[in-house]
Amino acid sequence: MSYHDVAGLSPSHAADSRVLPLRADRVALALLILVAYAVLPFVGNDYVFSAILVPFLVLSLAGLGLNLLTGYAGQLSLGSAAFMAVGAFGAYNCMLRNPGLPLFLSFALAGLFAAAVGVLFGLPSLRIKGFYLIVSTLAAQFFVQWLLTRVSWFSNDNASGVITAPPLLVLGHDFSSPVGRYLLSLTVTLGLTWLARNLVHSQTGRRFMAVRDMDTAAAVLGIPILRTKLLAFAISSFYCGVAGALWAFAYLGTVEPHGFDLKRSFQVLFIIIIGGLGSVSGAFLGAAFIVLLPVAMDNVAVRFFAGVIDPGHLENAQKLLFGSLIIFLLIKEPQGLARLFQRLKERVRAWPLEP
Amino acid sequence: MAFFIEVLTGGLLAGLMYTLVAIGFVLIYKASGVFNFAQGSMVLFAALTFVSIVERGVHSAAAFAITLVTMLVLGALIERVVLRPLVNRPPITLFMATLGLSFVIEGLAQTLWGAQVHGLELGIEDVPLDVLGVSLSKFDMFASGVAAALVLVLGLLFTRTRLGLSLRAVADDQLAALAVGIDLQWIWGVVWAVAGAVGLVTGLLWGARVGVQFSLSLIVLKALPVLIIGGFNSIMGTIVGGLIVGGSEKLAEVYLGQLVGGGIENWFPYVLALVFLLWRPTGLFGTASIERL
């Protein structure tokens with residue numbers, strides 16, 4: 001595989017505005033998707049599917065949603081988990097109250113519910129700026145969690161507010177097995193990622209970035225600030241909502257509102273900090289990191305320090321490592337793993353002409 | 001009516017406990033423009049260190065001194081390791097760095113001192129006092145006194161001293177402050193150390209109230225609405241914000257909570273803060289920012 005091209009210049013406007021300008025990137029991505037669909041389902045085991053791949057895909061999707069809002073449109077949010085909860089409970093109620101509703105349609109509706117809630121809590125963003133805005137998203141976080149726990153209608157009058165996923169039927173096929181849930185998450189995540197990648201290359205995406213960089217300047221240029229910000233909240237919450245529905249249906253099977261607490265919001269935020277603010281691939285790199293690091297640390301602890309480190313210590317060690325890593329990355333590479341990856345690619349492209 | 005007044009005053013006093021936490025935030029925000037999410041973990045760290053030292057048989061005055069020195073060192077260390085490399089970066093980056101910092105401090109505190117719950121006795125009895133026919137908690141009165149004293153001292157520091165002037169200059173514009181010869185690193189070190197000391201006071205009072213445990217770090221979330229209503233960079237604002245949040249929170253819980261099934265104290269202050277923000281986008285006493293191209 002070669003990354004060589006003519007000095008990185010495109011011969012036409014159409015070629016310049018392609019979603020993936022490099023042919024090598026397109027080939028690599030196609031290969032990756034091929035492996036994900038045609039190889040992994042046959043070689044992976046249930047543990048890999050349900051403990052690593054599914055949470056990785058779902059968290060990537062949530063990270064992507066938050067990245068559209070925070071990384072591209074510059075609106076800090078600490079309420080991602082609330083929008084995920086709206087999606088999860090929305091999809092559950094859709095399917096419960098409309099038997100026979102197609103799964104994907106209920107996911108889409110769940111996303112729309114989340115988008116509506118997102119717009120509601122995004123409304124103050126026109127008047128409130130910067131850090132003051134986190135009060136709005138935190139209000140969403142606490143209010144949604146309280147509402148879902150308090151109003152038992154949402155969980156079909158379950159005493160502890162727990163919802164259980166219905167069988168995952170798509171066109172008559174049951175996707176409830178670990179492989180099936182992996183394929184389901186993969187398809188939804190890939191579809192939405194493709195849309196997001198197009199979105200950030202479109203006029204809307206450029207408006208997001210203009211608002212992020214300086215909203216006063218963007219307003220002077222004639223960009224409708226309120227509409228752009230609300231659109232960012234809506235799209236971001238839609239992604240989080242679908243991710244929440246997948247989290248409940250494809251990953252956990254049963255969830256309660258408490259599963260979407262502030263910690264989850266922080267987890268999603270860390271994904272985009274580590275992966276890279278304002279990049280689509282960053283959400284995936286960050287999610288891979290967040291899912292794999294605890295697994296790796298558990299393995300190391302079991303293999304080398306069995307009996308020496310108890311789980312409490314391990315959790316503290318994880319916190320220490322995570323925190324230090326975030327600080328280190330912010331200092332050394334504020335654009336995260338995605339930027340490191342890009343630099344690596346650039347070096348490969350320039351090789352052997354530049355060292 | 002007597003019940004109403006009792007609920008209200010109880011809430012107002014509890015609100016001043018939030019003020020204590022909020023002061024730590026304002027201090028750092030005023031001097032560096034950083035929204036320090038790690039303040040809660042600093043409170044936890046301070047309280048846990050103090051209790052653990054006392055439990056090892058050290059006199060409480062000595063333990064206080066040791067913890068104070070620890071917090072001062074911690075503050076200076078944070079400046080050196082975390083903030084200095086991040087000079088002149090966007091505020092959102094600094095905020096996220098403090099998020100990471102809060103993880104580090106929490107992990108460190110619990111690795112050093114363990115995760116069990118400790119009781120903390122300050123020698124102030126929590127007995128109801130009868131003031132003009134309203135019974136008030138003696139402990140809460142003491143805590144409010146401490147909060148008021150802290151606000152007064154820090155308010156004077158910021159407005160009446162040369163150090164306060166340089167702190168405000170740094171908050172206004174880091175580069176300009178550097179250009180006129182203000183020692184940025186020294187200023188930041190001082191502020192973080194003082195914030196650590198405020199964290200110690202907060203940790204002792206809150207620890208005596210609810211026990212020294214992990215949930216102590218979550219009082220950040222209680223202080224945030226206070227901070228936002230008062231304005232990020234107003235020390236006076238923390239008192240007013242604390243009173244508003246504390247009073248209305250208790251009243252809402254007692255009178256409104258019955259109607260909707262209770263448990264509303266988690267989100268009520270945030271919705272309240274949101275309403276205040278829609279009216280005044282930088283809080284009651286926050287400085288309005290001027291936007292230029």
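Data block above holds the structure.
Residues take numbers from 1 onward in each chain, read along the sequence in its written order. All chains are assigned letters beginning with A, and all ligands numbers beginning with 1, in the order in which they are written. Side-chain atom pairs in this predicted model are given and counted only at pLDDT of 80 or more, local residue features only at pLDDT of at least 70, and totals for whole chains, interfaces and linings cover all residues.

Trainee: Would you mind going over the overall build of chain B with me for this structure?
Mentor: Broken down by element type, chain B carries eleven helices and two strands. Helix and strand assignments follow DSSP, with helices taken as H or I runs no shorter than four residues and strands as E runs no shorter than two, numbered in order from the N terminus. Overall, chain B shows an N-to-C arrangement of helices and strands of α-α-α-α-β-β-α-α-α-α-α-α-α. Computed over the C-alpha atoms, the radius of gyration of chain B is 19 Å, within 12% of the 19 Å expected from 2.2 N^0.38 for a compact globule of 293 residues. Projecting the C-alpha coordinates of chain B onto the three principal axes gives extents of approximately 60 × 55 × 35 Å. Counting only residues that meet the buried cut, chain B has 49% of its 293 residues in that class. Any residue pair is listed as a contact if its two C-beta atoms, each placed from the backbone, are within 7 Å. Across chain B, every contact between residues at least 6 apart in sequence was considered, and the portion connecting residues at least 24 apart equals 76%. Within these notes, the globule rule equals 2.2 Å times the number of residues to the 0.38 power, and the radius of gyration is based on C-alpha atoms. To assign burial, the other C-beta atoms lying within 10 Å of each residue's own C-beta are counted, with C-beta atoms placed from the backbone; 20 or more indicates buried, 12 or fewer indicates exposed, and intermediate counts indicate partly exposed.

Trainee: What is the right way to look at the overall build of chain A in this model?
Mentor: The helix and strand inventory of chain A stands at 14 helices and four strands. For a compact globule of 355 residues, the expected C-alpha radius of gyration is about 20 Å, and chain A comes in at 21 Å, within 12% of that figure. Across its three principal directions, the C-alpha atoms of chain A cover 65 × 55 × 45 Å. Out of the 355 residues in chain A, the part that is buried amounts to 44%. In chain A, once contacts between residues fewer than 6 apart in sequence are set aside, the share between residues at least 24 apart is 74%.

Trainee: In this structure, what is going on with the environment of A:V27? I would like to understand it.
Mentor: Inspection of the secondary structure assignment puts A:V27 in helix α2 (residues 23-43). C-beta crowding within 10 Å serves as the criterion here: with 13 such atoms nearby, A:V27 is assigned to the partly exposed category.

Trainee: Looking at this structure, how should I read the interface of chain B and chain A?
Mentor: Many structure descriptions define interface size as the accessible area lost when the parts assemble. Listed per partner, the contact involves 40 residues of chain B and 33 residues of chain A. Sorting the residues of the side of chain B that touches chain A by element identifies α4 (91-113), α9 (219-230) and α11 (268-279) of chain B as the ones contributing at least two each. For the side of chain B that touches chain A, the element with the highest residue contribution is α4(B), accounting for 16 residues. Following the grouping adopted for this structure description, the nonpolar residues are Ala, Val, Leu, Ile, Met, Phe, Trp, Tyr, Cys and Pro, the charged ones are Asp, Glu, Lys and Arg, and the polar ones are all others, Gly among them. The residue makeup of the side of chain B that touches chain A, split by class, is 29 nonpolar, nine polar and two charged.

Trainee: I keep staring at helix α8 (residues 203-213) of chain A and nothing clicks. Help me out?
Mentor: In an α-helix, one turn spans 3.6 residues, which is why side chains three or four residues apart end up on the same side. Residue and element names in this part refer to chain A. For α8, the set of buried residues is R207, F208, V211 and R212. Taken around the axis of α8, the buried residues stretch over an arc of 140 degrees, which confines them to a single face. Exposed side of α8, more than 90 degrees from the buried face: Q203 and D213 are the residues found there. For α8, the secondary structure elements touched by its buried residues are α3 (46-72), α9 (215-220) and α10 (225-252). Starting at the helix axis, one direction is taken to each C-beta atom, and the arc is that of these directions.

Trainee: Help me out: how do you make sense of the nonpolar core in this one?
Mentor: Generally speaking, soluble globular proteins have nonpolar side chains that are buried together. As used here, a nonpolar core is made of buried Ala, Val, Leu, Ile, Met, Phe, Trp, Tyr and Cys residues. They are joined through C-beta atoms within 7 Å. Core analysis: the largest hydrophobic core is formed by 199 residues, its most contacted members being A:V58, A:V135, A:V242, A:L246 and B:A47. A total of 17 residues in this core trace back to one element, the largest contributor, which is α10(A).

Trainee: Sorry if this is basic, but what is going on with the packing of helix α1 (residues 2-32) of chain B against helix α10 (residues 235-260) of chain B here?
Mentor: Each pair of packed helices can be summarised by the angle the axes make with each other and by the distance between the axes. Residue and element names in this part refer to chain B. In contact at an axis separation of 6 Å, α1 and α10 are set at 140 degrees when each is read in the N-to-C sense. Between α1 and α10, the angle is such that the two are oblique. Judged by the sense of rotation from one axis to the other, the crossing of α1 with α10 is right-handed. Among the residues making up the contact of α1 with α10, the classes are represented as 15 nonpolar, nine polar and two charged. Orientation is described by axes fitted as lines to C-alpha atoms, over the contacting stretch for helices, and by angles from 0 to 180 degrees between their N-to-C directions. Any angle from 65 to 115 degrees is called roughly perpendicular, while one under 35 is roughly parallel, one over 145 is roughly antiparallel, and all others are oblique. The crossing is said to be left-handed when, going from far helix to near helix, the turn is anticlockwise and less than a right angle, and right-handed when the turn is clockwise.

Trainee: Teacher, can you tell me more about the environment of B:D183 here?
Mentor: By the secondary structure assignment, B:D183 is in the loop between α7 (174-179) and α8 (184-210). Separated by 13 residues in sequence, B:D183 and B:V170 place their C-alpha atoms 9.4 Å apart.

Trainee: Looking at this structure, I do not really get the packing of helix α11 (residues 262-275) of chain A against helix α14 (residues 336-350) of chain A. What am I missing?
Mentor: All names here are of chain A. Running from amino to carboxyl end, α11 crosses α14 at an angle of 25 degrees, the nearest separation of the two axes being 3 Å. Relative to α14, the element α11 is oriented roughly parallel. Each of I273, I274 and G275 in α11 lies in contact with α14, whose residues at this interface are G336, L337 and A338.

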